[in-house]
Structure formats: structure tokens, C-alpha cells
Amino acid sequence: MSKAVRHHLALRCKAGIVFAMSANTPPEPRPSMLGMLDRVLRGGFTQREVLAGGRIEVPVAGLVRLSLLLGAGYGISLGCYSLFGGAPQAWLQMLASALKVPLLFLLTLVVSFPSLYVFAALQRLPLDFRNTLKLMLLAIVVHLTVIASLGPVFAFFAASTTSYPFLLLLNVAVFAIGGLLGLMVLRRATRDIFTPPSAAKTTAPVAPPAAVANPETTPETSPETPATPAATPWPATVTAARTSHQGAEQARRLMGVWCCVYGVVGAQMGWLLRPFLGSPDAPFEWFRQRDGNFLVAVLSTIGKLFHP
Amino acid sequence: MIFAAAENLLRGEITATPRPRTCVLLGASGCALAGLALGASSGEWRLAVYAAIKVPLLIVLTAALCLPSFYVVNTVLGLRDDFALACRSLLAAQATLGVMLGALAPMLIFLSLGTNDPYAVTLLDALQFGAATWAAQQVLARHYRPLILHNPRHRLALRGWLVLFAFTGMQLAWVLRPFRGTEGFGVQFLRAEAFQQNAYIVLLEHFARLWR
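1. Things to note about the overall build of chain A
For chain A, the helix and strand inventory stands at 12 helices and 0 strands. Counting from the amino terminus, chain A carries its helices and strands in the arrangement α-α-α-α-α-α-α-α-α-α-α-α. Sequence-distant contacts, at least 24 apart, represent 78% of the contacts inside chain A between residues at least 6 apart.

Laid out in C-alpha cells, this is it:
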């Protein structure tokens, strides 16, 4: 071993000892998958105080693994339709569905995220590219958890009905319910991001309207009340309330755009990646020919329920 | 003792609600009694036994299918700390449903013996389940009131549960037919087409026939 290498190893060793000595507290144990999922669902990663710093600290790799598992879980319940229907390549369809559900979310995110980020930046969302992506990932995990939790219900219906249009619509409904809850989490988080904690804390005791309307009782002119240092003529509570209101308005606007973009891309992506269920009248295929679109297909499926 | 527990459940305050094990026992025995009455009305003892198994099974399986999503929805809505209480409330409601079904069983037998019209009998069944559901709703509302006062989001979670439970329960009830014997079908635990049909499609087809 050369002298230089020995010197390098000694330095690394010393650095390790110094690092170990400086770390007084033992390293935190890695959270389990379920623990992480629980924290996501409880909003542990999107608390107002954490978001105020403009950073979202989430274990990205763990969440991606979790998303894959949850998506595959729901995909398997989709594949139950082929399995219980006695389709010749049912296991293949089950595998295809288990792969396609996570793929659907991944590809939707890849396609829509650039525009989502641009809209977020236009609305002055105080999150950078990386943290906006993490926020989206959290919403996707919530969406996937909800649909995976509805998986047993879907599998039961798949086992007990042969109506293909009914199950198609049920699948759309499950995705929609998951999407709504995912959006709810996203909306709560964006509102908290736009509304700083100080504004949120001071919005509760909003000054009564009479106090604002009457100039004699405003802080600037009242002899009992010291003048507010701010340049604005409004009391601090009212300013905070306005800030909070503006934050909510900004969040609402951003969510509207995000909803449209993500919803349209997601629906069409689902249409491109079909079949997820596998039609009982058609042989197994990984993908179908590109024709039509999601909305037309849903309307035509509703029609088929009445005129099979 | 079981009667005292049933009375506590129906009449008492939330604090007097029987223990979970007692609730399960009450609900299951009431449902079994109702199933026995449904099956016995056809005069076939095997059908009575089958139905006595299937009615409790209907409630238990529906709850088991819906609980995972109820858990997730509660967690997402920030209601996880109250989840145990929410489950106790649902259990009390299910027990009430069973008790009410069981209590109505003798009347159902008496009324169904007086008619041969299958539509009238079906209507009686619907009335029995409707009355039991109403009673369960009363108990559920009483148990959920403090939870909703504590956090109004409980109302949303509860509505979600009710919709999902009814949606899944209806299909499961369709799968678990027959509860009451039908002429020409013989005695069977499940019908041959149990896993082929969909209750909602059948309902839609019935409505469509009305318009034609």
C-alpha cells in the first residue's frame, strides 16, 4: 500500500470518528413502508410549518416503491375480471394490469408535469421544480392508496358480474374517487403553501367590520391604541385575513388549472394504455389500436349498459 | 344478559353501548334469526339454515370489503385519531340492524303466511330491511354526533361509508340469493348464476322494461 493511500485512509477514518462523535443522537431508523404511507395519508409531510420553508422532505425512493406496490395491487384486482371470467390468458392480463396501473401514473406525471410546473410558477407557488415534483408524488400516493383500498370491492364485483361495461364504469368511478381525495390533499397543501403560518394564525380573530369602518376607532387615530408600524391603513388582523384570502384564491386558481391538465392527460393516457380489464370477447393484447378518446368511450359505455 | 345488552344498545346513551364482542353477538344472532324466518317461510328447513348463515354473512362480508377504504378515507380526512370510535359506532349500528331484523322476524313470518303473492312478500322483505336500516341509522347518528361536533369531516366519511356499504351490500345480497325459496328453483345455497349477474344491470333492465 502506498503512503498516499495510507494517508487517505487515515483521513477517512478520522473523519468517520469525528462524524460519529459529533452525532450525539443515534440515527433515526428508516420508516417502514406502512409507517411512511400512514404519514403521507395523515398529511405528515405537508404540514403548514414544514411547507412554509418551501421544502418538502419526503423519502422519494420509498414513495416511488410504495406507488409501484399500490398500483400493482389495484392492477391485480382489475385482472380478477379475466381470472374469474375464465379468460384463456387471465394471468397474463393480471400481470399486464399490475404493470399498467403504475405506468399510467408515471407516464401521466412525465407528460403533464412540465406544464403543471409552469402554471405553478406563473401563480408564484413558492416551491422549486424538485419540491413541486415531490408534492405531486404525495398526491399520487394518496390517489393510489385510495384506489388500492377500493381494490377488494372491485375484485368482488369482478367476481360476481359478467357485465363488461359495468366494470369499466366502476373502474372509472374508482379512479375518480381516488383522484378527488388526491386533489383534496393537494388543495390543502397548496392553500397552506400560499398562506404563511403567521397569516393563518392571525386570521381567526379578524377585527369586527365596525372597527374598520369607523375611522375614530382605527389604530391610527385612536389615542388608546398605538399606531401600527405597517404602511397599510388596515389593522394587522385584517391584512392577515386578506393575505389568507388571497392565498386561498391563488390556490383555488392553480388547482383548477392543475385539475384540467392532469385530468385530461390522465384520462387520455388511460385510454392509450387500455385494456386494463381485458374484454371477454377479445383475445389478450398488451395494447389496443389507437382510436377514439376517453370521453367518447365513457359515453358509449353508458349507452351499452342500456342496450347491450 | 343479552336482552339487557340489546336494551342498552337501543335505548341507552353512547356510554352504555355494549362491548364490541356483545355487539357482534347481538348483530349475528339477530341476523341469523331473520335469515331463519326468511328461509322458513318457504317451508324448507334447509333453506332456513342456509339463510340463517347467509344473512349474517352478508353484513360481515360487506363490512369487510368496505373497511379498507373507510380506513384510508378517514386517514386522508385527518380523522385517524377517532377511527376506533368511528368503528365502534359502525359496529353499534350493525348490531342494531341485526337486533331489529331479528325482532321483526316473527311478524314477517306471520304476514308472509297470509299471502301467496311473491311481489307482496318481496315488499314485506323490503319493509323489514328498510325499518332495520332506519333503526341502525338512528343509533349511528347518535354515536356519530359527538364525532361530527369534534370534526365536521366525520360527516363526509360517514356518507362515503353509507354509499359504499349500500353499493357493495346490494350486489352481495344479489350474489347470496336465494334467501327465500322460489318455486321451480329447488333448494340451493347459491344460485347457479350467482356470480354471473349484476344487481344494478338487472335493476336497470327492469326500469327499461317499464318504459317500453
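There is more to say after this.
2. As for the overall build of chain B
A tally of regular secondary structure across chain B gives 7 helices and 0 strands. What you see for chain B is a C-alpha radius of gyration of 18 Å, in line with the 17 Å of a compact globule of 212 residues. Projected onto its principal axes, the C-alpha positions of chain B cover 55 × 45 × 25 Å. Here chain B, with 212 residues, has 39% of them falling under the buried criterion. At a minimum sequence separation of 6, the contacts of chain B that also span at least 24 residues come to 71%.

3. Some thoughts on the environment of Gly27(B)
In this structure, Gly27(B) sits in helix H2 (residues 20-40). Here Gly27(B) is in contact with Ile59(B), Gln94(B), Ala95(B), Leu97(B) and Gly98(B), once residues within four sequence places are set aside.

4. Quick look at the environment of Arg177(B)
Residue and element names in this part refer to chain B. You can see Arg177 is positioned in the loop between helix H6 (153-175) and helix H7 (199-211). For the pair Arg177 and Val55, spaced 122 residues apart in sequence, the C-alpha separation works out to 10.0 Å. Sequence-distant contacts of Arg177, that is, excluding residues within four places in its chain, are made with Arg191 and Ala194.

5. Structural notes on helix H3 (residues 45-76) of chain B
Along an α-helix, residues three or four positions apart point the same way, because every turn accommodates 3.6 residues. All names here are of chain B. The end-to-end C-alpha distance of H3, which contains 32 residues, comes to 48 Å, matching closely the 46 Å that a straight helix rising 1.5 Å per residue would cover. Of all bends in H3, the biggest is about 40 degrees, found at Leu67, and the proline Pro68 comes one to four residues later. Backbone geometry just after H3 places Gly78 at a positive phi near 80 degrees.

6. Considering the nonpolar core
Of all hydrophobic cores here, the largest spans 115 residues; its most connected members are Leu138(A), Val141(A), Val142(A) and Phe154(A). What Leu138(A) contacts, discounting residues up to four positions off in sequence, is Val40(A), Phe45(A), Thr46(A), Val58(A) and Val185(A).

7. A closer look at helix H6 (residues 129-149) of chain A
Between the first and last C-alpha of H6(A) there are 30 Å, a value that for 21 residues agrees with the 30 Å anticipated at 1.5 Å per step. Burial analysis of H6(A) places 16 of its 21 residues in the buried class, the great majority of the element.

8. Observations concerning the packing of helix H4 (residues 60-85) of chain A against helix H7 (residues 151-160) of chain A
When two helices pack together, their arrangement is captured by the angle between the axes and the distance separating the axes. Residues and elements named next belong to chain A. Axis separation between H4 and H7 bottoms out at 8 Å; the angle between their running directions is 5 degrees. Judged by the angle between their axes, H4 and H7 are roughly parallel. Contacts between H4 and H7 involve Gly73, Tyr74, Ser77, Leu78, Cys80, Tyr81 and Phe84 on the former and, on the latter, Gly151, Phe154, Ala155, Ala158 and Ala159.

9. Description of the interface of chain B and chain A
Residue-level contacts link 23 residues of chain B with 23 residues of chain A. Listing elements by their share of the side of chain B that touches chain A, those giving two or more residues are H3, H6 and H7 of chain B. Sorting elements by how many residues they give to the side of chain B that touches chain A places H3(B) first, with 9 residues. Broken down by class, the residue content of the side of chain B that touches chain A amounts to 14 nonpolar, 8 polar and 1 charged.

10. A closer look at the confidence of the model for chain B
Confidence in the prediction for chain B averages 87 pLDDT; 97% of positions are at 70 or higher. Here helix H1 (residues 2-11) of chain B stands out as the element of chain B with the lowest mean pLDDT, 80, in contrast to H6(B), whose mean of 94 is the highest.

11. Focus on the confidence of the model for chain A
Detail in the predicted coordinates should be disregarded across regions flagged by low pLDDT. In this model, chain A carries a mean pLDDT of 77, and residues with pLDDT of at least 70 account for 73%. Of the regions scoring below 50 in pLDDT, residues 203-234 of chain A engages in 30 contacts with residues more than four places distant in sequence or in other chains.

Calculation criteria
- Along each chain, numbering runs from 1 in the same order as the chain's sequence is written.
- Whichever chain is written first is A, and whichever ligand is written first is 1; the rest continue in order.
- Where totals are concerned, whole chains, interfaces and linings use all residues; where local detail is concerned, this predicted model gives features only for residues with pLDDT of at least 70, and gives and counts side-chain atom pairs only at 80 or more.
- Here a strand is any run of E in DSSP of at least two residues, a helix any run of H or I of at least four, and the numbering for each starts at the N terminus.
- It is the C-beta atoms, placed from the backbone, that decide contacts: two residues are in contact if theirs lie within 7 Å.
- Atoms counted for the radius of gyration: C-alpha only. Globule rule: 2.2 Å times the number of residues to the power 0.38.
- Remark: C-beta atoms are placed from the backbone, and a residue is labelled buried if 20 or more other C-beta atoms sit within 10 Å of its own, exposed if 12 or fewer do, or partly exposed between those counts.
- Under the convention used throughout, the expected extent of a helix is 1.5 Å for every residue step, that is, one less than its residue count.
- Consider a residue and the seven residues that end there alongside the seven that start there; fitting an axis to each set, the bend is the angle between those axes.
- In this description, a nonpolar core means buried residues of the types Ala, Val, Leu, Ile, Met, Phe, Trp, Tyr and Cys, linked to one another by C-beta atoms lying within 7 Å.
- Every angle, taken between N-to-C directions, lies between 0 and 180 degrees, and every axis is a line fitted to C-alpha atoms, over only the stretch in contact when it is a helix.
- Here the angle decides the label: under 35 degrees means roughly parallel, over 145 means roughly antiparallel, 65 to 115 means roughly perpendicular, and every other value means oblique.
- Gly counts as polar in this scheme, as do all residues outside two lists: the nonpolar Ala, Val, Leu, Ile, Met, Phe, Trp, Tyr, Cys and Pro, and the charged Asp, Glu, Lys and Arg.
- The predictor attaches a confidence to each residue, called pLDDT, with possible values from 0 through 100.

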